[in-house]
Amino acid sequence: MTDTALSTRHVPADLPTRIQHYIDGEAVDSLDGDTFDVLDPVSNQTYMQAASGKKADIDRAVAAAKKAFDEGPWPRMLPRERSRVLHRIADIVESRDARLAELESFDSGLPITQALGQARRAAENFRFFADLIVAQSDDTFKVPGRQINYVNRKPIGVAGLITPWNTPFMLESWKLGPALATGNTVVLKPAEFTPLSASLWPGIFEEAGLPKGVFNLVNGFGEEGFAGDSLVKHPDVPLISFTGESRTGQIIFGNAAPFLKGLSMELGGKSPAVVFADADLDAAIDATIFGVFSLNGERCTAGSRILVHRSIYNEFVERYAAQTKRVKVGYPHDPDTEVGALVHPEHYDKVMSYIAIGKQEARLVAGGGRPKGFPEGNFVAPTVFADVAPDARIFQEEIFGPVVAITPFDTDEEALELANGVKYGLAAYVWTNDLKRAHNFAQAIDAGMVWLNSNNVRDLRTPFGGVKASGLGHEGGYRSIDFYTEQQAVHITL
Ligand code: NAD
């Protein structure tokens, strides 16, 4: 490591040098003793070893979770009792938000202020499901003179939770909250690039009073024979909630098929932001800048394709490029930083390769490589390509970094065709002051979520999920409760 990397890296105090699995209430190593290196994205130096889980470790974790489900109090506790534990979890997460953000930012390269927002969102996820589970009501139907039918909602068993490296702690909470609230027990397999923040869960859960064996954590890789694959193929895990790449989702879908598992798939995206001529241009530019460059562009719902009406196209591109050049790239721990370091050198290489492809395919108007002043680490200047053709790879493929493609359109029909002309369908953003056009256009877009004249902010009650290659099923609010429970219909003859 050079002096620059050493002097610019902010190393949190008491950083662990080794993390283990957490199985049946105990921190344990892999049975074969294997570990893997964890790097920090500013220096790309190994700072920690994490236990590398295999099938044998998953077997242990699933056995503990199954025992806790079959014999433990958790699935049988009153919703109010589970809710109290979840509220305590939320309180503890909130009280440690600064430490969580510091660790997350160090491990993932996310700007510290944004990591703090994600830590708070994680607490909110637990609080939300703690409330929802006690407010939950189920249907009862009376067939006069003949029958009463009612729904008996039950937890399903051991839920396998597999998560990606972007906003890791928050995305884990998004699955852990509802899975635990509904009375399931869990095995979490966090992303191998960013295992640090997940190592805080055991302490948080123990302090909140979650019974032993209800939460289990196995670190490691996803591929065949490793932790992720073994979890998907374990016969005692009836549910898999997965967030990650569409290609990985396809593999998991195939591997889970022989077991007929319940699957929730939150996958990739290449979401359009459509800017009509009558839009509030200032607001549209601010929001579309934030929409693709926040969270380092490593955001599933990033508005990474901007479609702009030709009558305002030149002005939009010019202003957008100028504003992009003012986005502050910096060290992740600096509170002024708006774009930090990408998570890992492998991902950095992928994003840089798309920038090279983009230079062949389109007109570069901002960024385009490593920013000045950052000779090392995974730093990428916010990058804007204009005049991007719809068959260009940078229009079609998910880059998952601070790179945006801008394309002009002439008519509403053409805008819709461009918006829908990719394999993904996660989110869409529409900017227009014409109310009728806004609603008609939003409803015609192939996307699980649409934002009209607004930033990417969502209430936790709304469904979250994508269509086409962006996912299968929805989580969020009651849809999460539905995914993690069995709805048994009981019929009584009067
Ligand atoms: P990834 O698919 O490479 O990995 C995700 C997780 O799956 C990791 O924990 C990994 O170890 C595991 N895994 C890999 N192969 C596996 C296998 N064969 N069986 C079981 N588990 C396996 O994704 P990533 O690179 O970590 O994350 C980025 C992707 O996640 C992007 O495509 C992004 O759009 C997507 N994402 C989607 C959402 C959403 O809600 N739709 C949210 C965040 C991220």
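Note that this is a predicted model, so its numbers are computed, not measured.

Before going further, it helps to examine the overall build of the chain. A tally of regular secondary structure across the chain gives 16 helices and 23 strands. At 23 Å, the chain has a C-alpha radius of gyration in line with the 23 Å of a compact globule built from 494 residues. By its C-alpha atoms, the chain is 70 × 70 × 40 Å across when sized along the principal axes. Of all 494 residues assigned to the chain, the portion counted as buried reaches 53%. Within the chain, counting contacts between residues at least 6 apart in sequence, those at least 24 apart form 71% of the total.

Direction vectors running N to C along helix α5 (residues 112-135) and helix α6 (residues 168-181) enclose 10°, while the axes themselves pass 8 Å from each other. Considered as vectors, α5 and α6 are oriented roughly parallel to each other. Where α5 abuts α6, its residues Q118, A119, R121, A122, N125, F126, F128, F129, A130, L132 and I133 lie against F169, M170, S173, W174, G177, P178 and A181. Along the lines of polarity and charge, the residues of the contact of α5 with α6 split into 13 nonpolar, four polar and one charged.

Taken together, 31 residues lie near the ligand, and P164, G222, G228, G244 and T248 sit nearest. Secondary-structure elements contributing two or more residues to the shell around the ligand are α8 (227-232) and α9 (246-256). By residue class, the composition of the shell around the ligand is 13 nonpolar, eleven polar and seven charged.

It is worth spelling out helix α7 (residues 201-208) at this point. Regarding α7, the residues found buried are W201, P202, I204 and F205. Each buried residue of α7 sits inside an arc of 165° when the element is viewed along its axis, so together they form one side. Buried positions along α7 lie against β2 (21-23), β3 (26-28), α3 (79-95) and β10 (215-217). With its phi angle positive at about 90°, G209 sits one or two positions after the end of α7.

A word on the UniProt feature "active site" (unreviewed entry) in the chain. Mapped onto this numbering, the UniProt entry gives "active site" (unreviewed entry) at E266. Mapped onto the elements of the fold, E266 is located in strand β12 (residues 262-266). Classification of E266 by C-beta neighbours within 10 Å gives buried; the count is 27. In contact with E266, not counting residues within four places along its chain, are T243, G465 and G471.

Our next topic: the sheet that holds strand β23 (residues 485-493). Across the sheet, three strands lie side by side as β6-β7-β23; this open sheet has antiparallel pairing. Only two strands of the sheet have a single partner each, and these edge strands are β6 (140-143) and β23. Pairs of neighbouring strands in the sheet enclose a mean axial angle of 20°, with direction left out of account. Pairing analysis gives nine bridges linking strand β7 (residues 147-155) to β23, with the strands arranged antiparallel. For R153, the partnering residue across the bridge sits in β23 and is Q487.

Criteria and cut-off values
- Residues numbered from 1 in each chain as written.
- Predicted model: local features only at pLDDT ≥ 70, side-chain atom pairs only at ≥ 80, totals over all residues.
- Helix = DSSP H or I, 4+ residues; strand = E, 2+ residues; numbered from the N terminus.
- Rg over C-alpha atoms; globule rule 2.2 N^0.38 Å.
- Buried ≥ 20, exposed ≤ 12 C-beta atoms within 10 Å, placed from the backbone.
- Contact = placed C-beta atoms within 7 Å.
- Axes fitted to C-alpha atoms, helices over the stretch in contact; angles between N-to-C directions.
- Parallel < 35°, antiparallel > 145°, perpendicular 65-115°, else oblique.
- Nonpolar A, V, L, I, M, F, W, Y, C, P; charged D, E, K, R; others polar.
- Near = placed C-beta within 6 Å.
- Arc of directions from axis to C-beta.
- UniProt positions renumbered as here; feature names shortened; annotations may be inferred.
- Pairing = 2+ DSSP bridges.

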